[in-house]
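Take a look at the letters that make up each chain.
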There are 2 protein chains.
Amino acid sequence: MRTRIILLGSTGSIGNSALEVARRYPDRFEIVGLAACSNVEGLKRQCAEFRPRSAAIVDETLAPDVTARALEVEKVYRGSEGAQALVVEEEADIVLAAMVGAAGLSPVLAAIRSGKRVALANKEPLVSAGALIMSEARRMGVPVLPVDSEHSAIFQCIQGQQSEEIYQIHLTASGGPFYQRDRASMSGISPDEAANHPTWDMGRKISVDSATLMNKGLEIIEAMWLFDVALDKIGVVIHPQSIIHSMVEFTDGGILAHLGPTDMKFPIQYALTWPERVRAPMARLDLTTMPPLTFAKPDFSEFPCLRLAMDAAHRGGGAPAILNAANETAVEAFCEGRLPFLQISEVVEAALDQVESPHEVTFDTIMEADAAGRRFARTFIDQAGVRV
Amino acid sequence: MRTRIILLGSTGSIGNSALEVARRYPDRFEIVGLAACSNVEGLKRQCAEFRPRSAAIVDETLAPDVTARALEVEKVYRGSEGAQALVVEEEADIVLAAMVGAAGLSPVLAAIRSGKRVALANKEPLVSAGALIMSEARRMGVPVLPVDSEHSAIFQCIQGQQSEEIYQIHLTASGGPFYQRDRASMSGISPDEAANHPTWDMGRKISVDSATLMNKGLEIIEAMWLFDVALDKIGVVIHPQSIIHSMVEFTDGGILAHLGPTDMKFPIQYALTWPERVRAPMARLDLTTMPPLTFAKPDFSEFPCLRLAMDAAHRGGGAPAILNAANETAVEAFCEGRLPFLQISEVVEAALDQVESPHEVTFDTIMEADAAGRRFARTFIDQAGVRV
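Bear in mind the structure is a predicted one, so any value in this text is a computation, not a measurement.

Let us look at the relation of the copies chain A and chain B. Take chain A, turn it by 180°, move it 0.0 Å along the axis, and it overlays chain B with an RMSD of 0.0 Å. On this basis, the relationship between the two copies can be described by a two-fold rotation axis. If distances are taken from each C-alpha of chain A to the rotation axis, the shortest is found for A:Gly160, at 1.9 Å. When the interface residues of chain A are mapped onto chain B, 98% of them are again interface residues, pointing to one common binding face.

Next up, the structure:
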């Protein structure tokens, strides 16, 4: 029987790569549900090709245009509650969550609570509410599979290994487009410069997060939850070539590393076929034609977002949700030209310091912390009277 | 209960490292038998420290000096048949075979046939008689665990993976002390130069084999048998830093690599504790202080031994045993100043071409092929009237 997939965030970068994987193995994968945020035309084209039973459009303002008939599906869902309803009502084996930002939390929880395996490309839900997601996944006996290349690498390194024998996880970071630049020289960076990642072709939000190294900070928090390891067992190593996607060092001194091409189709496919591997007809890595692999310690002073994320993880409770909400708001303002690049970290730092964080992690406390973080960040950005 | 270890080749380089590992964990390991080739004084010291029940000295000419009383053991064995008898008669959980050369074959078979797990540091038995060893191991349900750093690396990379999902094994090679030298400049190489390995501190035979790259050729054959993969699925990549100890590429394009310090105690300990890992109090690898990791294709024309080993593997039957026997004889002549470095490969090539190889692999056919290979090589070296 084919693996029935619900794909959330189908018109984004990860969504399109996931559909390329599905297109390659029509006898292995069946797309049963597609949800997009606001790209109605893209969703229409995808429905025409993959013929899912259900589709959802999250942006409510676009709802009138989107009918089951227009999309040629049996059922159409609207709004963010619609995405959640699609996940619950449609029969599927796996939900690939590739929506951007904290909006992915409720559909991810809905997937787990309806007993569906989750492949998580969207890191913000785990960052904001990792304790909640993982305890629900344990309760339901549902695996949460990583799609991020780093976490897929770690997951592959620990297959067949004992988790208590993990000594240190080494998350690799390319360093982003501004590696080895000093902070002063980064003041005039434009959104286009920040989105121009040296080794990965990704969506805009994650590219900016890579430029500030906030992305790596979020990945630390994500790794804590996915692999149930303490913060002090997760380190970051700068590896500008992005050929080693991450490493796990074991208690006996041995290190396993995962290497692969910088193409998200590889970790997406692994999450969809795990625990099996399926032959990939894509370009293979030839190490003998690659640049030398180098490694360096990250510089926390040039990239304060990395330190802020670790601070938030250390504080726990709602702090990571506030960090994430303030960061999403600040990155959006930066992309719209309303906030200079270097002030992204200032917005996040202020939010972490000044927004009250709940101790307990429930859906409601996290949603409140998220909203409070966004409110604070918006006001902070407006009041600062920022000029770019 | 402690793991009871019989150590064959206890006074050699691997033997000493194994005893360092055992010394570190007295509550985990018990040395119950020690066998040395000819170093009586060394064996005496080891017996005094580790108090095994049995000991063996393989060199028969030294037998008179070696009494149970002198070694303070309950039982002493003599000659190569003595080593085999020790393996059969002494109760143990694991036999660590670290003897040099094809002489290790009969004790390894004896260990397997008496149901004892084998940790194989001595590659020649698998090279000469891999079909026999592995079929006996399967029949007895006994694991054959690799100790070579490359094979330990591969073994660690495939834990929890499906063997049919192996696409290619990439054996890494430092390139030895003469990497990037052309063949003409190697004519006057002395045994001391050849034994001076750039990254590993090893015994003399294996160091010379590393300099000719025969060692890597033997490792290819060893990997075929240990991991049950076809010759064309095993490649060699030059990696001068010896930090990645080998890699396994899977069908889906993902590559797992094992990294670690260049210290044989790590793979020895892994073989002794597998499937567990035990905290190693040794220096850990810090990639950020290491040189860049580079990779290159091996040059078969400068290092003909690598091609010869692959030829022998391709021919099968007794060919690898003849290759190995001729190589052992040639390396010995080289170390004694009776054969120039570049002629090691000529001796091996002539033996492969001219010694008749049995098709069937049994203990007797392999012992005959081994003897014929040695006879041929000795005559070839003498008749060539070589001057160094």
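Take the sheet that holds strand E1 (residues 3-8) of chain A next. All names here are of chain A. Strands sit in the order E4-E3-E2-E1-E5-E6-E7 across an open sheet of seven strands; the sheet is parallel. Both outer strands of the open sheet, strand E4 (75-78) and strand E7 (144-146), are each paired with one neighbouring strand and no more. On average, each strand axis in the sheet is inclined to that of its neighbour by 20°, with strand direction left out of account. Strands in contact with helix H1 (residues 13-24) are E1, strand E2 (29-36) and strand E5 (94-97); relative to E2, the strand with the most contacts, it is inclined by about 165°. Here helix H5 (residues 105-113) sits on the sheet in contact with E1, E5, strand E6 (117-120) and E7, set at roughly 150° to E6.

As a further point, take the interface of chain A and chain B. Taken together, the 41 residues of chain A in the interface contact 40 residues of chain B. In total, chain A and chain B occlude about 3,600 Å² of area from one another, counting both sides; carbon and sulfur atoms represent 54% of this. The largest per-residue losses of area from chain A upon contact with chain B belong to A:Asp252, A:Arg277 and A:Arg284, which jointly make up 21% of the total buried on that side. Seen at the junction of chain A and chain B, the total is six salt bridges. For B:Asp252, the salt bridge identified is with A:Arg277, shortest N-O distance 3.0 Å. Looking at side-chain class alone, the side of chain A that touches chain B contains 20 nonpolar, 12 polar and nine charged residues. Note: strand E11 (residues 255-259) of chain A against strand E11 (residues 255-259) of chain B, five bridges, orientation antiparallel.

One open sheet accounts for eight strands, arranged E9(A)-E8(A)-E10(A)-E11(A)-E11(B)-E10(B)-E8(B)-E9(B); its pairing is mixed. Unpaired on one side and paired on the other, strand E9 (234-238) of chain A together with strand E9 (234-238) of chain B mark the two borders of the sheet. Sheet twist, expressed as the average angle between the axes of neighbouring strands with direction ignored, equals 25°. Inspection of the sheet shows strand E8 (residues 166-173) of chain A paired to E9(A) by five bridges, in the parallel sense. Paired with A:Ile169 across the two strands is A:Ile234, which belongs to E9(A). In the packing of helix H10 (residues 214-227) of chain B onto the sheet, contacts are made with strand E8 (166-173) and E9 of chain B, and the angle to E8(B) comes to roughly 150°.

Let us look at the domain arrangement of chain A. Residue and element names in this part refer to chain A. With domains assigned, chain A is organised as domain 1 (3-147), domain 2 (148-262 + 284-300) and domain 3 (316-388). Taking only C-alpha atoms into account, the centre of domain 2 sits 24 Å from that of domain 3. Facing the 17 residues of domain 2 at the interface are 14 residues of domain 3. Both faces considered, domain 2 and domain 3 share a buried interface measuring about 1,300 Å² in area, 77% of it formed by carbon and sulfur atoms. Contact with domain 3 buries area across many residues of domain 2, yet Arg 183, Lys 205 and Met 214 alone supply 34% of it, more than any other trio. Connecting domain 2 to domain 3 are zero salt bridges. Counting across the domain 2 and domain 3 interface gives three residue pairs in polar contact (both at pLDDT 80 or more). Secondary-structure elements contributing two or more residues to the side of domain 2 that touches domain 3 are helix H8 (191-194), helix H9 (204-212) and helix H10 (214-227). The greatest single-element share of the side of domain 2 that touches domain 3, amounting to six residues, is contributed by H9. Its residues placed into classes, the side of domain 2 that touches domain 3 shows 10 nonpolar, three polar and four charged.

Attention shifts here to the packing of aromatic side chains. Tallying each qualifying case throughout the model produces 12 aromatic pairs over all chains. Between B:Phe155 and B:Trp274, the ring centres sit 5.5 Å apart and the planes meet at 45°, which makes this aromatic pair tilted. Of this pair, B:Phe155 sits in helix H7 (residues 149-157) while B:Trp274 sits in the loop between helix H11 (265-273) and helix H12 (304-315), placing them 119 residues apart in sequence. Side by side, B:Phe155 and B:Trp274 carry an identical accessibility label, which is buried. Grouping aromatic residues by their ring pairs yields a cluster made of A:Phe155, A:Tyr270 and A:Trp274. Across from the ring centre of A:Phe250, 4.4 Å away, lies the NZ or CZ of B:Arg277, which sits over that ring. Over the ring of A:Tyr167 we find B:Arg284, and its NZ or CZ is 3.4 Å from the ring centre.

Take helix H15 (residues 363-383) of chain B next. Residues lying three or four places apart along an α-helix face the same way, a consequence of the helix completing one turn every 3.6 residues. All names here are of chain B. Between its first and last C-alpha atoms H15 spans 30 Å; for 21 residues at 1.5 Å apiece the expected length is 30 Å, and the two agree. Listed as buried for H15 are Thr 365, Ile 366, Ala 369, Asp 370, Ala 372, Gly 373, Arg 374, Phe 376, Ala 377 and Ile 381. Elements that come into contact with the buried residues of H15 comprise helix H5 (105-113), helix H6 (124-140), helix H13 (319-335) and helix H14 (343-354).

Rules of the game
Residues numbered from 1 in each chain as written. Chains lettered and ligands numbered in written order. Predicted model: local features only at pLDDT ≥ 70, side-chain atom pairs only at ≥ 80, totals over all residues. Heavy atoms only, no water. Least-squares fit on C-alpha atoms with pLDDT ≥ 70 in both. Contact = heavy atoms within 4.5 Å. Pairing = 2+ DSSP bridges. Helix = DSSP H or I, 4+ residues; strand = E, 2+ residues; numbered from the N terminus. Axes fitted to C-alpha atoms, helices over the stretch in contact; angles between N-to-C directions. Buried area = accessible area lost by both parts, 1.4 Å probe. Salt bridge = Lys/Arg side-chain N within 4 Å of Asp/Glu carboxyl O. Nonpolar A, V, L, I, M, F, W, Y, C, P; charged D, E, K, R; others polar. Domains from an automatic or database assignment. Polar contact = N/O pair within 3.5 Å; in protein donor to acceptor, adjacent residues only side chain to side chain. Phe/Tyr/Trp six-rings, centres within 6.5 Å; stacked < 30°, edge-to-face > 60°. Buried < 20%, exposed > 50% of the residue type's maximum accessible area, 1.4 Å probe, protein only. Lys NZ or Arg CZ within 6 Å of the ring centre and 35° of its normal. Expected span 1.5 Å × (residues − 1).

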